[in-house]
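Architecture at a glance
Residue strings, one per chain:
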Amino acid sequence: MTATPAGMSYAEYLKLDQLLSAQQPLSDLHDEMLFIVIHQTKELWMKQMLDELELAIALVGEDRFAEAYKAMARISRIQAVMTLSWDVLSTLTPVDYLKFRDVLGTSSGFQSAQFRQFEFALGLKEEGHLRFQNEGSEPHSALLAALRAPSLWDEANAALARAGFDLPGEVLERDWSEPYRPSEAVEVAWAEIYRDPTRWWAFYQLAEKLVDLDDAVATWRHRHAVTVERIIGAKRGTGGTAGVSYLRSTLDKRAFPELWSLRTRL
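**Comments concerning a nonpolar patch on the surface**
- Together, Met8, Tyr10, Tyr13 and Leu14 give the surface a local cluster of nonpolar side chains, amounting to about 480 Å² of exposed area.
- Relative to the assigned elements, tyrosine 13 resides in helix H1 (residues 10-13).
- Using a relative accessible area of 60% as the deciding quantity, one classes tyrosine 13 as exposed.

Dropping the structure here:
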């Protein structure tokens, strides 16, 4: 244990001088501050989610499911808070936003390295997102490491194989940087768990925690798309994306696809 420095204040412990001086509006318009605070807060929450997700992946890899549940539940709760924050941003009217939108230049949430790292760690891998980070930078290195490492879904399926379920080599031994392709064998294995949850209770609980995560991310994406449409309509995004049409195209993304498709099989 490191001794607490004598006389340390709340502000010193939380580095509030640095934290509260990080909001630097580029216009003199009142509403730009809200835009900055919302997005900086999201990045802080994403930092915490990545910390929890790293722990969850390690614990699942060691078959310590009960300990992993807490980390995954915390991520889902954080996602709920982040989803609610869109309600605050939606108080920004189209007129308010258009007054300062030009100062954003080509910056866009689409470029968030932490969000892409979060997606990669869940199992939604898309190498093209690396191009938005400067090669050799810390964000680029972190994103590249997440791309090349087994995801939470990869570790969950590996745990299933260790328990005796017959999964193919293309699921268990593959290039982790490649996008995951749904497997019928994986769906069959997880469906067996759902058909006999008493026997496979730990895996059944793990599956539902994973679905909670996917559900929370999907809800966040939907609220994001609605908020963007409310503020800018069908305009293109500042980072060059198609705007709300791009966001809508992501709504069906699932990090753990077989946990959704097996529901039809049951």
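Picking up where we left off.
**Overview of the pattern of salt bridges**
- Scanning the model with the defined rule gives 14 salt bridges in all.
- Residue arginine 74 is joined to glutamate 52 by a salt bridge in which the shortest nitrogen-to-oxygen separation is 2.9 Å. Here glutamate 52 lies in helix H3 (residues 31-61) and arginine 74 lies in helix H4 (residues 65-89), a separation of 22 residues in the sequence.
- Using a relative accessible area of 5% as the deciding quantity, one classes glutamate 52 as buried.

**Re the packing of aromatic side chains**
- Evaluated as defined, the whole model comprises 17 aromatic pairs.
- Relative to tyrosine 204, the ring of tyrosine 194 lies with its centre 5.1 Å away and its plane at 75 degrees, an arrangement referred to as edge-to-face. Here tyrosine 194 is found in helix H10 (residues 184-195), whereas its partner tyrosine 204 is found in helix H11 (residues 201-232), with 10 residues between them in sequence.
- Three or more aromatic residues joined by ring pairs form one cluster here, namely Phe65, Trp153, Phe165, Tyr180, Trp190, Trp200, Phe203 and Phe256.
- One residue, lysine 42, lies across the ring of tryptophan 86, its end atom 3.8 Å from the ring centre.

**A word on the nonpolar core**
- Among the nonpolar cores identified, the biggest contains 63 residues, and Leu152, Trp190, Leu206 and Leu259 are the most heavily contacted of them.
- For this core, the element with the highest residue contribution is H11, accounting for 12 residues.
- The contact partners of leucine 152, leaving out residues within four places of it in the chain, are Leu53, Ala56, Ile57, Val60, Met72, Ala121, Leu122, Leu210, Leu213 and Phe256.
- Ranked by size, the runner-up nonpolar core spans 6 residues in total, among them Phe120, Leu130, Leu143 and Leu147.

**Describing H3**
- Between its terminal C-alpha atoms H3 stretches 45 Å, which fits the 45 Å expected from 31 residues at 1.5 Å a residue.
- Aspartate 63 sits one or two residues past H3 and shows a positive phi near 60 degrees.

**Observations concerning the side chain of glutamate 32**
- With respect to the helices and strands, glutamate 32 occurs in helix H3.
- Salt bridges are absent for the buried glutamate 32, whose nearest opposite-charge side chain, arginine 101, sits at 12 Å.
- Excluding its chain neighbours within four sequence positions, the residues that come into contact with glutamate 32 are Pro25, Leu26, Ser27, Phe100 and Val103.

**What about the packing of helix H6 (residues 113-122) against H11?**
- With their axes 12 Å apart at the nearest point, H6 and H11 run at an angle of 145 degrees to one another. The crossing of H6 and H11 is left-handed. Here H6 contributes Phe115, Phe118, Glu119 and Leu122 to the contact with H11, which in turn contributes Leu213, Val217, Trp220 and Arg221.
- Of the residues belonging to the contact of H6 with H11, the class tally is 6 nonpolar, no polar and 2 charged.

Criteria and thresholds
- Per chain, residue numbering runs from 1 following the sequence as it is written.
- Where totals are concerned, whole chains, interfaces and linings use all residues; where local detail is concerned, this predicted model gives features only for residues with pLDDT of at least 70, and gives and counts side-chain atom pairs only at 80 or more.
- In computing side-chain properties, one takes all heavy atoms of the structure into account and sets aside hydrogens as well as water.
- Candidates for patches are residues over 30% relative accessible area with no salt bridge; among them, like charges are joined within 9 Å and nonpolar side chains (Val, Leu, Ile, Met, Phe, Trp, Tyr) within 5 Å.
- Surface accessibility in these figures is a Shrake-Rupley result with a 1.4 Å probe; residues are shielded only by whichever protein chains are displayed.
- Any Lys or Arg side-chain nitrogen located within 4 Å of an Asp or Glu carboxyl oxygen qualifies as a salt bridge.
- Under the DSSP-based scheme used, a helix requires at least four consecutive residues in state H or I and a strand at least two consecutive residues in state E, with every element numbered from the N terminus.
- Type-normalised accessible area, obtained with a 1.4 Å probe on protein chains alone, sets the label of each residue: buried when under 20%, exposed when over 50%, and partly exposed for intermediate values.
- To pair, rings of Phe, Tyr and Trp, with the six-membered ring standing in for Trp, must have centres within 6.5 Å; the planes then decide the type, stacked if under 30 degrees apart, edge-to-face if over 60, and tilted in the middle.
- Either the NZ atom of lysine or the CZ atom of arginine qualifies as a charge over a ring when it sits within 6 Å of the ring centre and within 35 degrees of the ring normal.
- Buried residues of nine kinds, namely Ala, Val, Leu, Ile, Met, Phe, Trp, Tyr and Cys, make up a nonpolar core once their side-chain atoms join them within 4.5 Å.
- Contacts are residue-level and defined by heavy atoms, with any inter-residue pair within 4.5 Å sufficient.
- Expected span of a helix: the number of residues minus one, times 1.5 Å.
- In summary, the charge assignment counts Lys and Arg as positive and Asp and Glu as negative, without counting His or the chain termini.
- To obtain each axis, a line is fitted to C-alpha atoms, and for helices this fit is confined to the stretch in contact; angles are then taken between N-to-C directions over 0 to 180 degrees.
- Should the near helix be turned anticlockwise from the far one by less than a right angle, the crossing is termed left-handed; should it be turned clockwise, right-handed.
- Under the convention adopted here, Pro, Cys and the residues Ala, Val, Leu, Ile, Met, Phe, Trp and Tyr are nonpolar, Asp, Glu, Lys and Arg are charged, and Gly plus all remaining residues are polar.

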